[in-house]
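# Structural overview
Each chain, written out:
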Amino acid sequence: MDALPIWLLLVLFAVGAAVIWVAGIFLSKTTDVLDGRLHLGSALGGLIVLAVATNLPELAITVSAAASGSLEVAAGNILGGIAIQTVVIAILDLFGKRGKGVRPLTYRAASLGLVLEAIVVVAVLAVVIAGSQLPPGLVFARLSPDVVLIAVIWVAGLFLVQRAGKSLPWHEDGAAPDTKTPHPTGHQIRKQDRVERMGTAAVVLVFAVCALATLGAGVLVERAGDAAFGQLGLSGVLFGATVLALATSLPEISTGLQAVRQGNDNLAVSDIFGGNAFLPVLFLLATVISGRSVLPQANAADVFLTAVAILLTLVYAVGLVFRPRKHIAGMGIDSLLVIVLYLIGIGGLVAITAT
């Protein structure tokens, strides 16, 4: 890849991003149809399958980066992806549903279940920061205790979120009194006529093709983008946290906007938090593939990105509790604050990588 001219590398990067966008949309549609027909969302195994399916671009990039030894790209993509996918909630708030009398997204999607999901994200990221301080030689059987703990917290979080979706000892099972839809566990069917008319075997085939296309496009985006933006002087950390993270967030943006416009606000927010809680689990995969303890090798930029992601998540957790009513610049005050903090965070990241 490094020998190719920069214009061709940028074209390959754009093609890979476009494939991720299109394949991600159909992947989400087929996943939701299979969820409804096979009742995947009602079981823990189904929730795991859905989490993996909606994060295939990040999975492909992590495997590719870990296999090639580019652990900084893998770390930057995962941690930067969490930060930028949290900003996706602000994008959904701004562009998802507009008009007179429409409340901000966190007012409409208020649920204690969503707050619990945000807490799981923060817990997982806290272990990421702690793991970055462990000695790098703390590896046994190609595993380190930090990545194992992350996976355990994620699985425990799935159990808690699933239980919260069934019953909570709060008014209306943890949903705000004036919300129209209960908080969903897992995915719900987003009505798509063409996909709904397909037989189950055809849906599985489309899912498999889109999964392979997403995996291949993820590798293409990582390799071409790393080479192209490296020639432009963009560091691996900054590239992974910004350009690469944005490219892999395209499916979340498109499907999230679709969910919000269909009135499924809880699902849109839940998908973001659920994906963010799953992404650090990929550090376990990176550790197994590379045979090296990944988190102790995290640099200052990686730890900084983790702190930014925690801060952005906490802003939305508070927003879900206090439920802002007014729009500022077309969005809730929590979404506006998230965008401001993210831009400040990118400025800080640039300052860190420049030193």
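All values derive from a computational prediction rather than experimental measurement. (Residues numbered from 1 in each chain as written. Predicted model: local features only at pLDDT ≥ 70, side-chain atom pairs only at ≥ 80, totals over all residues. Heavy atoms only, no water.)

Here the focus is the overall build of the protein chain. Scanning the protein chain from N- to C-terminus turns up 15 helices and two strands. In the protein chain, which comprises 355 residues, the share counted as buried stands at 53%. Partitioning the intrachain contacts of the protein chain with sequence separation of at least 6 by distance along the chain shows that 85% fall at a separation of at least 24. Carbon and sulfur atoms make up 71% of the accessible area of the protein chain, which amounts to about 14,600 Å² in all. (Helix = DSSP H or I, 4+ residues; strand = E, 2+ residues; numbered from the N terminus. Buried < 20%, exposed > 50% of the residue type's maximum accessible area, 1.4 Å probe, protein only. Contact = heavy atoms within 4.5 Å. Areas by Shrake-Rupley, 256 points an atom, 1.4 Å probe, with all protein chains shown as cover.)

Glancing now at the packing of helix α6 (residues 112-131) against helix α14 (residues 300-322). Axis angle and axis distance: for two packed helices, these are the angle between their axes and the distance between the axes, and together they describe the pair. The contact between α6 and α14 brings their axes to 9 Å, and the two run at 165°. Considering the angle they form, α6 stands roughly antiparallel to α14. Classified by chirality, the crossing of α14 by α6 is left-handed. For the pair formed by α6 and α14, the contact residues are L114, V115, A118, V121, V122, L125, A126, V128 and I129 on the first element and T306, A307, A309, I310, T313, L314, A317, L320 and V321 on the second. (Axes fitted to C-alpha atoms, helices over the stretch in contact; angles between N-to-C directions. Parallel < 35°, antiparallel > 145°, perpendicular 65-115°, else oblique. Left-handed = near helix turned anticlockwise from the far one by under 90°.)

Our focus in this paragraph is a nonpolar patch on the surface. On the surface, L143, V148, L149, V152 and V288 cluster together into a nonpolar patch covering about 340 Å² of accessible area. It is helix α7 (residues 145-166) that provides the largest number of residues to the nonpolar patch, a total of three residues. Note on placement: V152 falls in helix α7. Looking at V152, the relative accessible area reads 49%, which means it is partly exposed. (Patch = residues over 30% accessible without salt bridge, like charges linked within 9 Å, V, L, I, M, F, W, Y side chains within 5 Å. Salt bridge = Lys/Arg side-chain N within 4 Å of Asp/Glu carboxyl O.)

Counted according to the given criterion, the structure contains one aromatic pair. With a centroid separation of 5.2 Å and 55° between ring planes, the pair formed by W154 and F278 is classed as tilted. Separated by 124 residues along the polypeptide, W154 in helix α7 and F278 in helix α12 (residues 265-278) bring together distant segments of the chain. W154 gets classed as buried once you look at its relative accessible area, which sits at 7%. Between R103 and the ring centre of Y107, over which it is positioned, the NZ or CZ distance is 5.6 Å. For R323, the ring lying beneath its charged end belongs to Y107, and the centroid distance is 4.0 Å. (Phe/Tyr/Trp six-rings, centres within 6.5 Å; stacked < 30°, edge-to-face > 60°. Lys NZ or Arg CZ within 6 Å of the ring centre and 35° of its normal.)

Below, the discussion takes up helix α4 (residues 71-95). The end-to-end C-alpha distance of α4, which contains 25 residues, comes to 35 Å, matching closely the 36 Å that a straight helix rising 1.5 Å per residue would cover. Maximum bend of α4: about 25°, positioned at G81. In terms of residue burial, α4 counts as a mostly covered element, since 22 of its 25 residues are buried. (Expected span 1.5 Å × (residues − 1). Bend = angle between axes of the 7 residues up to and from the residue.)

Side chains bearing opposite charge may pair, as long as their charged atoms lie close to each other. For the coordinates displayed, the defined rule picks out one salt bridge. Across the pair D265 and R108 runs a salt bridge whose closest N-O atoms are separated by 3.1 Å. Separated by 157 residues along the polypeptide, D265 in helix α12 and R108 in helix α5 (residues 105-108) bring together distant segments of the chain. The pair formed by D265 and R108 is uniform in burial state, with each residue classed as buried.

The terminal C-alpha atoms of helix α11 (residues 250-261) lie 17 Å apart, and with 12 residues this matches the ideal 16 Å at 1.5 Å per residue to within 8%. Of all 12 residues that make up α11, 10 are buried, and the element is covered over most of its length. Residues of α11 that are buried: L250, P251, E252, I253, S254, T255, G256, L257, A259 and V260.

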